[in-house]
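Close look at the chain arrangement
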Amino acid sequence: MKNSIISFLLLFCLRQASAQLNLGDPLPPVFLKNTTGVNQSIATYSGKVVLIDFWAAWCGPCRLANRKLVKLYNATSREQFEIIGISLDAKPDMWKKAIEKDNIKYMQVNDPKGFDAPTAIQFGVEQLPASFLFDADGILIAINPTEEQIKKHLNQ
């Protein structure tokens, strides 16, 4: 019995580890609903540096991070850089109010099952906020990059 439990835990951990994105992995195909209920592909901005930002309206640190991301987004060229916010909010009204209050203009989509959301599992999101920076070829180059790291990559 003890060996069965250990085997199960080992397989579970290996499965979880393989489900997470690692540096060098491509941007996975993900389709989620935007604020108007239309399915959006997060691969829409191929050819640009893309920051995928996981957040939630109820997350205080996320809301603080939104302020910085809005400034960064407004200060960079749309030809070069995009941000895609993926909300893990279960309550769409709270999510939409937070977008408006935080003055977010970049693409927002929702995967409403919190940390059990398929995209959260796929990306390996274990805390919020969590962000993933992809280069113009759609390859993951940084996990939870600082603003300075993003700017440095944009200036290369």
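It should be noted that the structure appears before, not after, this text.
Below is a summary of the structure that appears in this document. From a predicted model like this one, the values you see are computed outputs, not experimental measurements. (Residues numbered from 1 in each chain as written. Predicted model: local features only at pLDDT ≥ 70, side-chain atom pairs only at ≥ 80, totals over all residues. Heavy atoms only, no water.)

**Side note on a nonpolar patch on the surface**
A cluster of nonpolar residues, W58, M94 and F115, forms a patch on the protein surface that exposes about 320 Å² of accessible area. Relative to the helices and strands, M94 resides in helix α3 (residues 92-101). When its relative accessible area of 38% is taken as the criterion, M94 is described as partly exposed. (Patch = residues over 30% accessible without salt bridge, like charges linked within 9 Å, V, L, I, M, F, W, Y side chains within 5 Å. Areas by Shrake-Rupley, 256 points an atom, 1.4 Å probe, with all protein chains shown as cover. Salt bridge = Lys/Arg side-chain N within 4 Å of Asp/Glu carboxyl O. Helix = DSSP H or I, 4+ residues; strand = E, 2+ residues; numbered from the N terminus. Buried < 20%, exposed > 50% of the residue type's maximum accessible area, 1.4 Å probe, protein only.)

**Focus on the state of the cysteines**
Here the structure, examined in full by the defined rule, presents one disulfide. Here C59 pairs with C62 through a disulfide, and the sulfurs are 2.3 Å apart. Its S-S torsion of about 75 degrees marks the bond between C59 and C62 as right-handed, since a negative value means left-handed. On the basis of relative accessible area, C62 is assigned to the buried category, the value being 1%. (Disulfide = S-S within 2.5 Å.)

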